[in-house]
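Secondary and tertiary structure notes
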Amino acid sequence: MIDNNFKNEKAPRNLGLYIHIPFCRTKCLYCDFCSFVSRDEQQREAYVGALLREIEARGTKDYSVDTVYFGGGTPSLLSAEQIGRILGEIKESFNVSPDAEITLECNPMTVSDGDKYFKELRALGVNRLSLGVQSAVDGELKLIGRRHSFEDAKATFLAARGAGFENISVDLMLGIPSQTLDSLRASANQVIKLAADHISIYSLQLEEGTPLYRMRERYSLADDDTAADMYELVVKMMKDAGYRHYEISNFARGGRESKHNCKYWRLDEYLGLGLAAHSDFGGKRLENTRDMERYLGGEWLEAASDISNSEREFEFLMLGFRTADGISKSEFLARFGVGFDEKYGEKMEKFKKMGYFCEKGDALALTESGFEVSNAILTEILDFDY
Ligand code: SF4
């Protein structure tokens, strides 16, 4: 029988928790995430109350929670006391592993007394921060509607470091209007100088409905060739600086790979709590409501669906090939009941010959040059329209 939810039965059942905090101080021009501008402390407090009720209702002691990720929105808009109450409820309702990775996304300018706030977060057990820096060029930050300067971001980073955060991730954006290879090089250099432990790169996407999309005629945006050059430049700079390129868009130093995000790429189970949060839990895909009124009223679940075997297989390959470790052929066989080579071997041959894949024992992974053309390769192998 095919095991759609492959698990090594000897391993403890681990679980990641994603906690969505949908508030932002202002809305960035490119953002289509589920987030609202909130200056209303009462609304935030009501949301925290609803979140606590959801955590309690969905709690289970059947798993060991090894990652908790506060994402958004801007979780750092919540007070340390509110974060503490949420973590307290998580610890009441779930078994949280003592060495769980607990991450909080943070935006510069949302933390007024950084030293105190970060010390309080550390005392609560938050041990990883993800800081939205995006660029070290203030003009570029302005163009995408970020309200902080690079100096603000740097000050926030240093305050967190000073408060004892030894694991800080920084986001860097590629393809910002007016960004050039030189300005990107300057931004990447600044991030490397900060000695961030982890760096995530994102290509700016023009999402319909966002202000930046409406203004798209006004700006010159990177064409495909420039975007590819930007990616190549950043990858080289990060690798030269000693970062491991462990996933297409992520780099880590000193073993600081994001444990939580690795769950998504490995199809491990996670439970999303809060407005619009998604889960992959108990063999089902669950989707929370995006309607704040309903959420505050205690109706969090919007949709639940089974995950078909073909969907699982597609995800397993699409997400697994994003990572430097690639996929395990024996796991593929155990999950889907067919050998990887038997099913895809013929299509793979030419890409292997072109140097886009490498095999290490049971593992099959894209090479660095394969990462650069991964969309085209996976489109052909998996036979879908990207
Ligand atoms: S801070 Fe993040 S979630 Fe908030 S508006 Fe900007 S990009 Fe969107």
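To continue, consider the overall build of the chain. If you tally the helices and strands in the chain, you get 15 helices and 17 strands. Against the globule reference of 21 Å for 386 residues, the chain gives a C-alpha radius of gyration of 21 Å, in line with a compact fold. For the chain, the spread of C-alpha atoms along the three principal axes comes to 60 × 50 × 40 Å. Relative to its full complement of 386 residues, the chain shows a buried share of 52%. By sequence separation, contacts in the chain at least 24 residues apart represent 71% of the contacts at least 6 residues apart. In the form shown here, the chain has an accessible surface area of approximately 17800 Å², with 49% of it arising from carbon and sulfur atoms.

Structurally, the position occupied by Gly339 is in the loop between helix H12 (329-336) and helix H13 (340-353). Sequence separation between Gly339 and Asn127 is 212 residues; the distance between their C-alpha atoms is 40 Å. Gly339 has contacts with Phe332 and Leu333, leaving out every residue within four places of it along the chain.

Domain parsing of the chain yields domain 1 (14-264) and domain 2 (310-386). Domain 1 puts 11 residues into the contact, and the matching count from domain 2 is 9 residues. When the area that domain 1 buries against domain 2 is broken down by residue, the three leading residues are His245, Glu247 and Ile248, summing to 47%. Connecting domain 1 to domain 2 are 3 salt bridges. Note that Lys239 is salt-bridged to Glu368, the shortest N-O span being 2.7 Å. One can count 7 residue pairs in polar contact (both at pLDDT 80 or more) joining domain 1 with domain 2. Elements that contribute at least two residues to the side of domain 1 that touches domain 2 include exactly helix H8 (224-240) and strand S9 (244-247). Taken together, the residues of the side of domain 1 that touches domain 2 break down into 5 nonpolar, 2 polar and 4 charged.

Over its 12 residues, helix H11 (residues 309-320) runs 16 Å from end to end, which matches the ideal 16 Å to within 8%, given 1.5 Å per residue. Those residues of H11 not exposed but buried are Arg312, Glu313, Glu315, Phe316, Leu317, Met318 and Gly320.

The ligand sits among Cys24, Thr26, Lys27, Cys28, Tyr30, Cys31, Phe33, Ser35, Gly73, Thr74, Asn107 and Arg146. Taken together, the residues that form the shell around the ligand break down as 5 nonpolar, 5 polar and 2 charged.

Time to look at the sheet that holds strand S16 (residues 357-360). Reading across the sheet, the 3 strands line up as S15-S17-S16 and stay open at both edges, with antiparallel pairing between neighbours. Two strands in the sheet have a free side with no partner beyond their single neighbour: strand S15 (327-328) and S16.

Now for a negative patch on the surface. Among the surface-exposed residues, Asp223, Asp224, Asp225, Asp229, Glu232 and Glu372 lie close enough to one another that they form a single negatively charged patch. Inspection of the secondary structure assignment puts Asp223 in the loop between helix H7 (211-214) and H8.

Inside soluble globular proteins, nonpolar side chains tend to come together where they are buried. Ranked by size, the top nonpolar core spans 96 residues in total, and within it Ile19, Phe70, Ile86, Phe118, Leu121 and Phe357 carry the most contacts. Per-element accounting of this core gives the leading share, 7 residues, to H8. There are two domains that each give this core at least three residues, and those are domain 1 (14-264) and domain 2 (310-386). Core analysis: the second largest hydrophobic core is formed by 9 residues, Tyr30, Ile176, Leu204 and Leu212 among them.

The next thing to look at is the packing of helix H2 (residues 80-93) against helix H3 (residues 114-124). Between H2 and H3, whose axes approach to 10 Å, the crossing angle comes to 10°. It follows that H2 is roughly parallel to H3 by the angle criterion. Between H2 and H3, the residues in contact are Ala80, Ile83, Gly84, Leu87 and Lys91 and Tyr117, Glu120, Leu121 and Leu124, respectively. Taken together, the residues of the contact of H2 with H3 break down into 6 nonpolar, 1 polar and 2 charged.

A full pass over the atoms with the stated rule returns 16 aromatic pairs. With 5.3 Å between their ring centres and 40° between their planes, Tyr63 and Phe281 make a pair best called tilted. Taken together, the residues Tyr63 in the loop between helix H1 (41-58) and strand S4 (64-72) and Phe281 in strand S12 (residues 278-281) connect sequence positions 218 residues apart. Tyr63 gets classed as buried once you look at its relative accessible area, which sits at 7%. Ring geometry for Phe316 and Phe332: centres 6.0 Å apart, planes at 50°, overall tilted.

Inspection of the sheet shows S12 paired to strand S13 (residues 284-288) by 4 bridges, in the antiparallel sense. Residue pairing across strands places Asp280 opposite Arg285, the latter belonging to S13. Connecting the antiparallel pair S12 and S13 is a turn made up of 2 residues, with Gly282 showing a positive phi of about 60°. In this sheet, strand S14 (residues 301-306) lies alongside S13 in antiparallel orientation, the contact comprising 5 bridges.

To continue, consider the pattern of salt bridges. Once the charged atoms of two side chains with opposite charge are near each other, the side chains can pair. On inspection of all chains with the given rule, the structure shows 27 salt bridges. Of the charged contacts in the structure, one is a salt bridge between Arg244 and Asp325, with a shortest N-O distance of 3.0 Å. One end of the pair, Arg244, is in strand S9; the other, Asp325, is in the loop between H11 and S15, and 81 residues separate them in sequence. For Arg244, a relative accessible area of 35% translates into the label partly exposed. A salt bridge links Glu247 to Arg322; the nearest nitrogen and oxygen atoms lie 2.4 Å apart. One end of the pair, Glu247, is in strand S9; the other, Arg322, is in the loop between H11 and S15, and 75 residues separate them in sequence.

Calculation notes
Residues numbered from 1 in each chain as written. Predicted model: local features only at pLDDT ≥ 70, side-chain atom pairs only at ≥ 80, totals over all residues. Heavy atoms only, no water. Helix = DSSP H or I, 4+ residues; strand = E, 2+ residues; numbered from the N terminus. Rg over C-alpha atoms; globule rule 2.2 N^0.38 Å. Buried < 20%, exposed > 50% of the residue type's maximum accessible area, 1.4 Å probe, protein only. Contact = heavy atoms within 4.5 Å. Areas by Shrake-Rupley, 256 points an atom, 1.4 Å probe, with all protein chains shown as cover. Domains from an automatic or database assignment. Buried area = accessible area lost by both parts, 1.4 Å probe. Salt bridge = Lys/Arg side-chain N within 4 Å of Asp/Glu carboxyl O. Polar contact = N/O pair within 3.5 Å; in protein donor to acceptor, adjacent residues only side chain to side chain. Nonpolar A, V, L, I, M, F, W, Y, C, P; charged D, E, K, R; others polar. Expected span 1.5 Å × (residues − 1). Near = heavy atom within 4 Å. Pairing = 2+ DSSP bridges. Patch = residues over 30% accessible without salt bridge, like charges linked within 9 Å, V, L, I, M, F, W, Y side chains within 5 Å. Lys, Arg positive; Asp, Glu negative; His and termini not counted. Charge placed at Lys NZ, Arg CZ, Asp CG, Glu CD. Core = buried A, V, L, I, M, F, W, Y, C linked by side-chain atoms within 4.5 Å. Axes fitted to C-alpha atoms, helices over the stretch in contact; angles between N-to-C directions. Parallel < 35°, antiparallel > 145°, perpendicular 65-115°, else oblique. Phe/Tyr/Trp six-rings, centres within 6.5 Å; stacked < 30°, edge-to-face > 60°.

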